[in-house]
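Coordinate inspection notes
Each chain is listed here by its residues.
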Amino acid sequence: MKTAHPNNQRGIRALLGMVLAIVTIWMVVLPAAAKLPTVRNHLEFLESHRVNAAAMFYTELEPRD
Amino acid sequence: MQSPYETAPTPATPKYKRLHEDWLVVGIGALALLVATFFVSAKPANDVGVKPEIVNTAKGTIAKLESWKDAPGKAFFTKPKKGEPQFLGGALLITFAVIGTLLMPVAYARGISPGSFLVGYLVLFLLAIFAFLMSTQEVVKQYNFEYVLWALLLGLTISNTIGTPDFLKPMVIGDTFIKLGLVLFGAEVLFGKLVALGVPGVFTSWVVTPIVLITTYWFGQRILKIESPSLNMVISADMSVCGVSAAIATGAACRAKREEVSYAIGVSLLFTAVMMIVQPYIVLKTGMDPIVGAAWIGGTIDSTGAVAAAGAVLGDDAATVANTVKMIQNVLIGVIAFGVATYWSTRYRESGDTNSVGLSEIWTRFPKFVIGFIGASLAFSFLPPLIGWDSNIAEVVSKEITSQVRIWLFCLAFVAFGLETNFRELWKYLCVGKPLLLYIIGQAWSMILSLAMATLMFGVLYADKVKSILAK
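Being a predicted model, the structure only gives us computed values, none of them experimental. (Residues numbered from 1 in each chain as written. Chains lettered and ligands numbered in written order. Predicted model: local features only at pLDDT ≥ 70, side-chain atom pairs only at ≥ 80, totals over all residues.)

1. Thoughts on the overall build of chain A
Secondary structure summary: chain A contains 2 helices and 0 strands in total. Taking all 65 residues of chain A together, 18% fall into the buried category. (Helix = DSSP H or I, 4+ residues; strand = E, 2+ residues; numbered from the N terminus. Buried ≥ 20, exposed ≤ 12 C-beta atoms within 10 Å, placed from the backbone.)

Structure, rendered in structure tokens:
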């Protein structure tokens, strides 16, 4: 199995940097994006039509009324 | 570089052990499917002519995180139409136990100690929860960036920063998670769905799709001269059939490298996010018949969820057509995976040698878990009426129980793939233009052929018949 084994200190810093980036994007950027009128309208549209836009296969879709 | 679908051969691991794991996975998957059927039954209706009610006593047992906007904690509470939200903690514990039980025989066969199994599996499971949490954020979800992408990202982040910890390595068995997930996945591939839209649905999904797949693969091999046939096949299948699920199934069938599957999935998700907005826009702006447009969308957009979102923009009937065309195309995945596994077994050695081989060699090379995948599909498609079951029982078992387990297994698999992937290896694929070009040309070809077939079938030859089906 090939895995990178960089310098430990550098690796920890890189990991913390990635965690910070993920937290910032998911806790700040994306919630802010969800409030934009265009995005909010699209989200409301999908919700009202009960569309699971992230479905990988038809069995993951909600049944249509 | 080793294929992710091969059990790592070590000097102490004789060849029969590699075969053994495939059969073991098929056995575990078959048993899981059988057990799942005990939770579902048909309650006879009192009135004549009324369909029996299907009762699923295991509904909601396997955890499924809910969508959230700005408070991730909401992902851990159900969103019932009536009543109070329920905490998913119990469901997560049950899910952990169920999947752990399925994996135990594999861990035992691999000689993984109970302690290593428990610790490694627990960490992978927590990472999978985190990946689901990322994928259920509403903005992420609406653009179809599925959990596999975030699972891969989390794994890559760990392995390429601090390195995969030694205590995790025994359980970094993405290949096994995928194989087991695919056997369960087989139960979702129901051939009865083929007739849902009659002839036009079959032509749009089952005629155009194989043509696009074969010609794109041929184009990649002969014209673009893509170095890796398995990368070519995974991109061709992912682009022509149904995105991520097709990439996973064909990647396993042709023993593609994990970087190849990851690359194909990344490209597919990126283009899907664009196409799910652009295609309905084209239909609306050009004044195309929404039903034809919906069939076109169903036949070309890779991902099922994206098809549902794009189809809904065109109206209710159009959404039904788009979803149904995609569903029929989804069913093709079983045939494609079997065909690819057979083709690869007859043509390619791991070294890439394409000399022809005898039947026994083909059998030796054939990935046995594909038999489990196809077997589950055939059993769930054709057995229920033969044994006197209501046909909806098989559908409820696969949709409400085993598909949820399969989703967790795929998520665990991509966490594991990330944990065993060096980003530099993945970067090589990102820097080469040919695979991307293959995807773009293949997708353009698919759009042209699908539009022609959708127009012919849904706009000309069977327009009235489709309208009468929709009216029902």
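2. A short note on the overall build of chain B
Summing up its helical and strand segments, chain B has 19 helices and 2 strands in all. A compact globule built from 472 residues would reach a C-alpha radius of gyration of about 23 Å, and chain B, at 22 Å, matches this within 12%. With the principal axes as the frame, chain B shows a C-alpha extent of 65 × 60 × 50 Å. Here chain B holds 472 residues, and the buried ones make up 53% of them. (Rg over C-alpha atoms; globule rule 2.2 N^0.38 Å.)

3. A word on the interface of chain A and chain B
Contacts between the two partners involve 32 residues from chain A and, on the opposite side, 41 residues from chain B. For the side of chain A that touches chain B, the secondary structure elements donating two or more residues are α1 (8–34) and α2 (37–48) of chain A. The element contributing the most residues to the side of chain A that touches chain B is α1 of chain A, with 10 residues. (Contact = placed C-beta atoms within 7 Å.)

4. Observations concerning the environment of A131 of chain B
All names here are of chain B. Looking at where A131 falls in the secondary structure, it is placed in helix α3 (residues 114–135). The buried category is assigned to A131, around which 26 C-beta atoms lie within 10 Å. Note: C-alpha distance between A131 and I178 (47 residues apart in sequence) is 17 Å. What A131 contacts, discounting residues up to four positions off in sequence, is Y147, W150, A151, L154, C411 and V415.

5. Section: the nonpolar core
All names here are of chain B. Judged by nonpolar contacts, the single largest core of 161 residues is most densely connected at A128, A131, A151, C411 and V415. In terms of residue count, the dominant contributor to this core is helix α16 (residues 391–419) (17 residues). Among all residues touching A151, those that are not within four sequence positions of it are A128, A131, C411, F414, V415 and G418. (Core = buried A, V, L, I, M, F, W, Y, C linked by C-beta atoms within 7 Å.)

6. Here we look at unusual backbone geometry
Trans peptide bonds make up the majority, and among non-glycine residues the majority have a negative phi. Although it is not a glycine, R50 of chain A adopts a positive phi angle of roughly 50°. The exposure class of R50 of chain A is partly exposed, given the 13 C-beta atoms found within 10 Å.

7. A few points about the packing of helix α8 (residues 229–240) of chain B against helix α9 (residues 244–253) of chain B
Residue and element names in this part refer to chain B. α9 packs onto α8 with a crossing angle of 145° between their chain directions and a minimal axis gap of 8 Å. Of the two possible hands of crossing, α8 and α9 adopt the one that is right-handed. Of the residues in α9, those touching α8 at M233, V234, A237 and D238 are A246, A247, T250 and G251. Its residues assigned to classes, the contact of α8 with α9 shows 5 nonpolar, 2 polar and 1 charged. (Axes fitted to C-alpha atoms, helices over the stretch in contact; angles between N-to-C directions. Left-handed = near helix turned anticlockwise from the far one by under 90°. Nonpolar A, V, L, I, M, F, W, Y, C, P; charged D, E, K, R; others polar.)

8. A short note on α9 of chain B
All names here are of chain B. The buried count for α9 comes to 10 of 10 residues, which makes it a mostly enclosed element. Those residues of α9 that sit buried are V244, S245, A246, A247, I248, A249, T250, G251, A252 and A253. Of the residues trailing α9, R255 is marked for its positive phi of about 55°.

9. Comments concerning the confidence of the model for chain B
Residues and elements named next belong to chain B. With 93% of its residues at a pLDDT of 70 or more, chain B has an overall mean of 89. Looking over chain B, one finds the lowest element-wise mean pLDDT in helix α17 (residues 423–431), namely 75, and the highest in α3, namely 97. As a predicted assembly, this complex carries a pTM of 0.90 together with an ipTM value of 0.90. (pLDDT = per-residue confidence, 0-100.)

10. Points about the environment of G298 of chain B
All names here are of chain B. In this structure, G298 sits in helix α11 (residues 290–300). As for G298 and V325, which are separated by 27 residues in sequence, their C-alpha atoms are 5.2 Å apart. Excluding its chain neighbours within four sequence positions, the residues that come into contact with G298 are V307, G311, V321, A322, N323, V325 and K326.

11. A few points about α11 of chain B
In terms of residue burial, α11 of chain B counts as a mostly covered element, since 11 of its 11 residues are buried. In the core, the buried residues of α11 of chain B are packed alongside α7 (198–223), α10 (258–286), α12 (304–313), α13 (316–347), α18 (433–461) and α19 (463–471) of chain B.

12. Some remarks on the environment of F414 of chain B
Residue and element names in this part refer to chain B. Mapped onto the elements of the fold, F414 is located in helix α16. F414 sits in the buried class, given 33 other C-beta atoms within 10 Å. It is 10.0 Å that separates the C-alpha atoms of F414 and L124, two residues lying 290 residues apart in sequence. Contacts of F414, omitting those with residues within four sequence positions, involve V148, A151, L152 and G155.

13. A short note on the packing of α8 of chain B against α18 of chain B
All names here are of chain B. Relative orientation of the contacting elements α8 and α18 amounts to 35°, with a least axis distance of 10 Å. Note that α8 runs across α18; the crossing there is right-handed. On the side of α8, the interface is formed by L231, N232, I235, S236, M239 and S240, while α18 contributes P435, L438, Y439, G442, Q443 and S446. Tallied by class, residues from the contact of α8 with α18 come to 6 nonpolar, 6 polar and no charged.

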